[in-house]
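Chains, contacts and geometry: an overview
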Amino acid sequence: IRDALRSVLNISRYGNQYIQINEPWKRIKGSDAERKRAGTVTGVAVNVACLLSVLLLPYMPTVSAAIQRQLRAPEQCNSLTDRFVCVLQAGHRIGTVRSIVPIRTQSQECQTSGIVQSLTNQHPLCTPLPLLLTVG
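Bear in mind that the values here come from a model prediction, so they are computed numbers and not experimental data. Sequence order as written defines residue numbering, which begins from 1 separately in each chain. In keeping with the model being predicted, local features are shown solely for residues with a pLDDT of at least 70 and side-chain atom pairs are shown and tallied solely at 80 or more, while totals for entire chains, interfaces and linings include all residues. With hydrogens and water stripped out, all remaining heavy atoms of the structure feed into the side-chain values.

1. Quick word on the pattern of salt bridges
Any two side chains of opposite charge can pair if their charged atoms end up close together. The criterion, for reference: By definition, a salt bridge exists where a carboxyl oxygen of Asp or Glu is found within 4 Å of a side-chain nitrogen of Lys or Arg. Per-residue accessibility, obtained with a 1.4 Å probe over protein chains only, is compared with the maximum for each type, and a residue is labelled buried under 20%, exposed over 50%, and partly exposed between these values.
What the rule picks out here adds up to 4 salt bridges. Of the charged contacts in the structure, one is a salt bridge between Glu23 and Lys26, with a shortest N-O distance of 3.3 Å. On the basis of relative accessibility, which here comes to 48%, the residue Lys26 falls in the partly exposed class.

Right, dumping it as structure tokens:
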């Protein structure tokens, strides 16, 4: 279980890095080519979130279901293949994005399960969370 959750957290981390490096919030204000790139980055990020929801299903079914509801993910997203597949195609509209995990401040008592802290060897507030973006 520990190795599986560590892999899920790593995928989440890579997804976050992909968004940070490509800065779609800046590209959307640029040329036609930049706006197209922003759409591609957003589309890939939303599909990474969809993948994360599938990977979390056996360990955190409530979180998985909440992500899939927000993404309005079709049932076929709940199958894994040996390669990354963008199930949510261009033009797919997601639902209203809400925080799945309560936002905490450093001064608040940590309520996060001990397994997340032991997996990341960091404070739980620094643990990457699945990405949730609006497309459309």
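That shown, we press on.
2. Focus: the UniProt feature "transmembrane region" (unreviewed entry) in the protein
This is how the line gets drawn: UniProt positions are given in the numbering used here, feature names are shortened, and annotations may be inferred rather than shown by experiment. Under the DSSP-based scheme used, a helix requires at least four consecutive residues in state H or I and a strand at least two consecutive residues in state E, with every element numbered from the N terminus.
Summarizing the sequence annotation, UniProt attributes the feature "transmembrane region" (unreviewed entry) to residues 38-60 in the numbering used throughout. Overall, residues 38-60 shows 83% helix and 0% strand. The separation of its end C-alpha atoms is 30 Å.

3. Topic: unusual backbone geometry
A positive phi is found at Glu23, a non-glycine position, where the angle reads about 45 degrees. Its location among the elements puts Glu23 in the loop between helix 1 (2-22) and helix 2 (24-27). Residues other than glycine seldom take positive phi values, yet Arg72 does so here, at roughly 55 degrees. Mapped onto the elements of the fold, Arg72 is located in the loop between helix 4 (61-71) and helix 5 (114-120). You can call Arg72 exposed: its relative accessible area is 53%.

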